[in-house]
Amino acid sequence: MNGTNIFIKYICSIIILIPSYGSFAQNLQRNELSFSGGLMADQVYECRLSYNYNMFPFAGLGMSLGYNKQWHANIVPEGSSTSKDWSSWRISDKDKKVINLFIEPTMTLRTPVVLRLGNCSFHINAEPGCMIRLPFTLISIDYLNSQNQQKKSETKSTMGGRIFFGTFRASAELHVQDVYIAAGYGISDWDMFAGYRNVKVADISLDQFYPRRQVSHSVFVKIGTFL
């Protein structure tokens, strides 16, 4: 009997909330555009442009187009050549700082107002997603003959390697009318060097030069608006 009473109270509470939810949904700002920038492990900075469609006051779906790049490369793969014409090889200076382009479908989960101060409101936002690396990059390998100082370059594709990576980002948001700013933290299994790992030079895989991380951490700031 006790369980029946709880069930009845639960159904009644839902019925009571339906009108208020409907009123709130009518005022729901469904389209959201944002831009974020952040720092990741391995001396990497990242920028992303995102669009979210808010299906409910607390949840929506989104898509991001992102770009990340090393600002400093402390690892530059190089080695001896197996060819009689060349004595050594080295990844070119223009490609030693690894670059990636990606898209990321996400689910957006946003809390109701946590704190309100005048026209400002604070919310907590969570975004689980999947980063999809776009294997568009071509890299150059420079060969050197140490005897006559001749050089040549060879182009390699980064089409191989892992493409899909799980992500989770959480942030605190300050909303002022239709605009908000946020600061947050991200965690993922993103591999910055995924595209380079399957590249082989003189029978040597570049994979052996780059570290592997089980978890990658990031911090970011974001500015967004409701359209």
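Residues numbered from 1 in each chain as written. Predicted model: local features only at pLDDT ≥ 70, side-chain atom pairs only at ≥ 80, totals over all residues. Heavy atoms only, no water.

All right, on to the environment of tyrosine 45 then. Here tyrosine 45 lies in strand E2 (residues 44-53). As a C-alpha pair, tyrosine 45 and tryptophan 71 span 26 residues in sequence and 7.0 Å in three-dimensional space. Excluding its chain neighbours within four sequence positions, the residues that come into contact with tyrosine 45 are Gly38, Leu39, Tyr67, Asn68, Lys69 and Trp71. (Helix = DSSP H or I, 4+ residues; strand = E, 2+ residues; numbered from the N terminus. Contact = heavy atoms within 4.5 Å.)

Core analysis: the largest hydrophobic core is formed by 22 residues, its most contacted members being Trp89, Trp190, Tyr196, Val201, Leu206 and Tyr210. Among the elements of the structure, strand E5 (88-91), strand E9 (138-144) and helix H2 (194-197) are those that each provide at least two residues to this core. Sorting elements by how many residues they give to this core places E9 first, with 3 residues. Setting aside anything within four residues of it in sequence, one finds valine 201 in contact with Trp89, Ile141, Tyr143, Lys156 and Leu206. (Core = buried A, V, L, I, M, F, W, Y, C linked by side-chain atoms within 4.5 Å. Buried < 20%, exposed > 50% of the residue type's maximum accessible area, 1.4 Å probe, protein only.)

Moving on: the confidence of the model for the protein. Counting all residues, the mean pLDDT for the protein is 88, and 88% of those residues have values of 70 or more. A low-confidence stretch, residues 14-24 (pLDDT under 50), is modelled with 3 contacts involving residues beyond four sequence positions or located in other chains. (pLDDT = per-residue confidence, 0-100.)

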